[in-house]
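Breakdown of the fold
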Amino acid sequence: MQRSIPTDLILGGATAAYQIEGAAAEDGRRPSIWDAFARVPGAVIDGHTGDVACDHYHRMPDDVALMRQLGLQSYRFSTSWARVCPDGGAPNPAGLDFYSRLVDELLDAGILPWLTLYHWDLPQSLEEAGGWPSRDTAHRFVDYALAVHEKLGDRVENWTTLNEPWCSSFLSYIAGAHAPGRQSVADGLAAGHHLLLAHGMAVQALRDAGAERLGITLNFTVADPVDPANPSDVDAARRIDEQYNRFFVDPILRGSYPETLLADVGHLGLDAVVQDGDLEIIGSPIDVLGVNYYHGDACSFEPPPEPMLQDAPTDRPIRSPFPAADGVQIHPRGLPTTTMGWEVQPEGLTRLLRRLHDDYAGPKGVELWVTENGAAYDDRVELADGTGDAVTGEPRIHDAERVEFLRLHVGAVLDAIDAGVPVKGYFYWSLMDNYEWAWGYHKRFGIVRVDYDTQERTVKDSGLELARMIRERTL
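Our subject in this report is the structure included herewith.

Cut-off values and rules
- Residues numbered from 1 in each chain as written.
- Predicted model: local features only at pLDDT ≥ 70, side-chain atom pairs only at ≥ 80, totals over all residues.
- Heavy atoms only, no water.
- Helix = DSSP H or I, 4+ residues; strand = E, 2+ residues; numbered from the N terminus.
- Buried < 20%, exposed > 50% of the residue type's maximum accessible area, 1.4 Å probe, protein only.
- Contact = heavy atoms within 4.5 Å.
- Areas by Shrake-Rupley, 256 points an atom, 1.4 Å probe, with all protein chains shown as cover.
- Lys, Arg positive; Asp, Glu negative; His and termini not counted.
- Charge placed at Lys NZ, Arg CZ, Asp CG, Glu CD.
- Polar contact = N/O pair within 3.5 Å; in protein donor to acceptor, adjacent residues only side chain to side chain.
- Core = buried A, V, L, I, M, F, W, Y, C linked by side-chain atoms within 4.5 Å.
- Pairing = 2+ DSSP bridges.
- Axes fitted to C-alpha atoms, helices over the stretch in contact; angles between N-to-C directions.

What follows is about the overall build of the protein chain. Counting secondary structure elements, the protein chain contains 15 helices and 15 strands. In terms of overall dimensions, the protein chain has a C-alpha envelope of 65 × 55 × 45 Å along the principal axes. Put simply, the protein chain has 475 residues, and 61% of those count as buried. For the protein chain, contacts bridging at least 24 residues in sequence account for 79% of all contacts bridging at least 6. For the protein chain, the computed accessible surface area is about 17300 Å², with 49% contributed by carbon and sulfur atoms. The distance from the centre of the 40 positive side-chain charges to the centre of the 72 negative ones in the protein chain is 2 Å.

Another aspect to go through is the side chain of Asp 250. If you trace the backbone, Asp 250 turns up in helix α10 (residues 231-254). The class for Asp 250 is buried, based on a relative accessible area of 2%. Polar side-chain contacts of Asp 250 include one of 2.6 Å to the side chain of Tyr 360.

The biggest cluster of nonpolar side chains holds 145 residues, and the ones touching the most others in it are Trp 34, Tyr 118, Trp 132, Phe 141, Leu 289 and Leu 353. The leading source of residues in this core is helix α9 (residues 185-208), at 13 residues. One finds Ala 312, Phe 427, Trp 429 and Phe 445 within the second-largest nonpolar core, a separate group that totals 16 residues.

Time to look at the sheet that holds strand β4 (residues 158-163). Spatially, β1-β2-β3-β4-β5-β7-β10-β13 is the arrangement adopted by the eight strands of the closed barrel, whose pairing is parallel. If you compare each strand with its neighbour and ignore which way they point, the axes differ by 25 degrees on average. Relative to strand β7 (residues 288-293), strand β5 (residues 213-220) runs parallel, the two being bridged by six bridges. Of the residues in β7, the one forming a bridge with Thr 217 is Gly 290.

Listed below in structure tokens is the structure:
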């Protein structure tokens, strides 16, 4: 059945600086925590680094031309703190100039720039001074945000403070699975609170500087009990919901941490870092809530029949990212999975958007945008030797599973819209294959394939399908 895509639903693609830019030591850029972490033995599969990545720093005009070819209406990118304010210090003109040129290229191509200030690339020198568990890092973030706004604020309308602070606190400071790789519950809770504080302080400072559309992007799961009639399973789902979703969204849009969450984690280090007035700052009014969704979780304290793949199988031991959910297990539900081991659950996105609108964004007049949604699959490449595209002679990348994933999840957004949720936009993750953190270059999320040896870009069938959706406005 063909469905219409509303003409006012913005469709675009997303990337992040460390994952695509490369040029790790050029034009004044200094190391970030990911430059350091990637060199820790066993932290990233095969020791892959982002030193070159997709070489976007040198190929940016061509990449924007490719976005224009696809018809993207908006492009979500992040600026690199390590490039803009190396070592957390003074602004770097060369780094700022790169993003200024990127914005100009986007505007010339008729593509709406969507800027994220922090996608996990804390300057390594700030980590060595304490990192996100240190309150001072929040103040340094405001300095960085204002430096970017001073350069780009005349042309960029949409400002996102942070991307997925759950990952840059709990996954990074508790689990140790992401940079900087610490494994401390107290550090992770402090990092989570200070990231939220940095968000609120930056919102206030940017608003004072003239920015009008401000927001944050959070990653969400849909946590369901394996057995809704089992109180233990219900408690398992509550803990994951609170320690994944509500730790971040409640202070931002309700001005407080949930009482049940505080009972679970307050004594583990959170109480020690929350100061008077913090929650008022964190709850500063925003205009946009970015929603990142990949899959939900079926939760229980009972072990699953077989364990699900949850993290990159690196040589470096990691622990649970949850501060107070020891023993909670995620169970498979017989759904299809991506090569990340994540279940494909589009109805979860519809339920999530309805919940966020009803309980959080709607009452505050905050817009909802799906800022990331995507899937890693093994692509099938047909070469241009008679087995490629018969018309153009170009290689073809047949990624039927990703095409279906895209259709299902845009359909889930349309289901939410039909249910009364005014979703404003959808960004596919990712525009191009890139550095997938602890997985290195082993997982491909892109609608554009990148040959990492030649840096050649090839639009996949999924990219052609997104372009068709944008052009024809049908699903």
